[in-house]
Amino acid sequence: ATTDLLVENCVMINGMGTGLTLVRCYAPVVRHCVFYNNFIRAADIIHWDLAWDPKTVATFSHNLVCDTIPQKTHNPLFRFAHLDSLCSDHNGYFTRTGPSERHMVQAYNFRGKGIGPPGRGDWTSGERLLLEDVQRLTGQEKGSFFGNPGMRVVSELVPSGRMSAEWWKTEMRRDEAS
């Protein structure tokens with residue numbers, strides 16, 4: 001197990017699965033980072049075999065979280081075993097769909113009780129929450145927002161369902177053949 005891990009000023013791009021996965025990592029802080037075009041989700045913070053404990057709280061602040069690849073936008077941006085482990089605010093979300101359509105968090109437990117369809121970690125179990133759900137349930141993310149940050153690398157994201165060649169060219173700045 002790792003304690004007090006600081007992940008700062010990092011860019012996680014094209015993570016095969018997730019941009020960041022923390023397992024049995026106590027009190028991590030992730031700040032001033034960019035998550036861009038990760039294949040499944042931006043981050044997994046999981047403690048499957050543990051009951052919720054204040055030591056498992058993960059802090060996410062002042063990050064830019066860009067959407068996953070177009071074919072995976074049905075996956076929430078983050079996955080937590082315990083929603084209580086989220087301490088998050090002042091993040092920007094740049095997604096292919098708006099805040100009323102894009103699930104931000106997939107969680108399996110909240111306040112000591114299971115939430116959502118039962119299961120352990122697969123994409124069909126757990127509760128999928130929008131930003132407004134997280135704000136209402138946890139009081140977190142009050143200073144966070146969805147919007148286009150005007151990044152020089154890409155002015156807009158390719159909508160879901162488009163040909164992968166368009167995504168490679170527009171968002172990854174390369175031809176699929178190369």
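Described in the following lines is the structure provided in the data block. Being a predicted model, the structure only gives us computed values, none of them experimental.

**Quick word on helix H1 (residues 131-138)**
Then, in step 1: Residues Leu-131, Asp-133, Val-134 and Gln-135 constitute the buried set of H1.
Then, in step 2: Turning to H1, the residues buried within the fold contact strand S12 (86-89), strand S14 (105-110), strand S16 (127-129) and strand S17 (145-146).
Then, in step 3: Note on H1: the residue one or two positions beyond its end, Gly-139, has a positive phi of about 75 degrees.

**Considering the sheet that holds strand S3 (residues 11-13)**
Then, in step 1: Read from one edge of the open sheet, 5 strands run S3-S7-S10-S13-S17, paired in parallel fashion. At either margin of the open sheet sits one strand with a lone partner, and together these are S3 and S17.
Then, in step 2: Pairing of strand S7 (residues 34-36) with strand S10 (residues 64-66), which is carried by 2 bridges, proceeds in the parallel orientation. Opposite Val-34, over in S10, you have Leu-64 as the bridge partner.

**Structural notes on the packing of aromatic side chains**
Then, in step 1: Scanning the entire structure with this criterion turns up 4 aromatic pairs.
Then, in step 2: With 5.1 Å between their ring centres and 65 degrees between their planes, Phe-60 and Phe-78 make a pair best called edge-to-face. Residue Phe-60 is found in strand S9 (residues 58-61), and its partner Phe-78 is found in strand S11 (residues 78-82); the two are separated by 18 residues along the sequence. In this pair, the class of Phe-60 matches that of Phe-78, namely buried.
Then, in step 3: Ring geometry for Phe-78 versus Tyr-93: centroids 6.4 Å apart, planes at 85 degrees, classification edge-to-face.

**Overview of the nonpolar core**
Then, in step 1: Counting residues in each nonpolar core, the largest one holds 29 residues, and the members touching the most others are Phe-35, Phe-60, Phe-78, Phe-80 and Val-105.
Then, in step 2: Those elements giving two or more residues to this core turn out to be strand S4 (18-23), strand S8 (41-46), S9, S11, S14 and H1.
Then, in step 3: One finds Tyr-36, Phe-94, Leu-157 and Trp-167 within the second-largest nonpolar core, a separate group that totals 11 residues.

**Considerations on helix H2 (residues 164-171)**
Then, in step 1: Buried residues of H2: Trp-167, Trp-168 and Glu-171, and no others. The arc enclosing the buried residues of H2, seen along the axis, measures out at 105 degrees, which places them on a common side.
Then, in step 2: Buried residues in H2 make contact with S7.
Then, in step 3: Residue Arg-173 follows H2 closely and has a positive phi angle near 60 degrees.

**A few points about the pairing of S8**
Then, in step 1: Counting buried positions along S8 yields 6 of 6 residues, so the element is predominantly enclosed.
Then, in step 2: Looking at chain direction, S4 and S8 are connected through 5 bridges and run parallel. Paired with Thr-21 across the bridge in S8 is Asp-44.
Then, in step 3: Sheet topology note: the S8/S11 ladder contains 3 bridges and is parallel. Bridge pairing links Ile-45 to Phe-80 in S11.

**Here we look at the pattern of salt bridges**
Then, in step 1: Counted under the stated rule, the structure contains 6 salt bridges.
Then, in step 2: Between Arg-102 and Asp-67 there is a salt bridge, with the nearest N and O atoms lying 2.6 Å from each other. Of this pair, Arg-102 sits in the loop between strand S13 (92-94) and S14 while Asp-67 sits in the loop between S10 and S11, placing them 35 residues apart in sequence.
Then, in step 3: For Asp-67, a relative accessible area of 1% corresponds to the buried category.
Then, in step 4: A salt bridge links Asp-133 to Arg-136; the nearest nitrogen and oxygen atoms lie 3.1 Å apart. Here Asp-133 pairs with Arg-136, and both are found in helix H1, just 3 residues apart, close to one helical turn.
Then, in step 5: Here Arg-136 falls in the exposed class, since its relative accessible area comes to 59%.
Then, in step 6: A cluster of three or more residues bridged by salt bridges with shared partners is formed by Arg-41, Asp-44 and Arg-79.

Criteria and thresholds
- Along each chain, numbering runs from 1 in the same order as the chain's sequence is written.
- Residue-level local features of this predicted model are given only where pLDDT is at least 70; pairs of side-chain atoms are given and counted only at 80 or more, and the full residue set underlies all totals for whole chains, interfaces and linings.
- Calculated side-chain values reflect all of the structure's heavy atoms, with hydrogen atoms and water omitted.
- Each residue's exposure class comes from its accessible area (1.4 Å probe, protein chains only) as a fraction of the maximum for that residue type: buried when under 20%, exposed when over 50%, partly exposed otherwise.
- A run of H or I in DSSP becomes a helix once it reaches four residues, and a run of E becomes a strand once it reaches two; helices and strands are each numbered from the N terminus.
- Working rule for contacts: check all heavy atoms of both residues, and any pair within 4.5 Å makes them a contact.
- Any two strands with at least two DSSP bridges between them are considered paired.
- What counts as a ring pair is set by centres within 6.5 Å for rings of Phe, Tyr and Trp (its six-membered ring), and what kind of pair is set by the plane angle: stacked under 30 degrees, edge-to-face over 60, tilted for all other angles.
- Nonpolar core, defined: a set of buried Ala, Val, Leu, Ile, Met, Phe, Trp, Tyr and Cys residues in which side-chain atoms within 4.5 Å join the residues together.
- Here the arc refers to the set of directions running from the helix axis out to each C-beta atom.
- Definition used for salt bridges: Asp or Glu carboxyl oxygen within 4 Å of a side-chain nitrogen of Lys or Arg.

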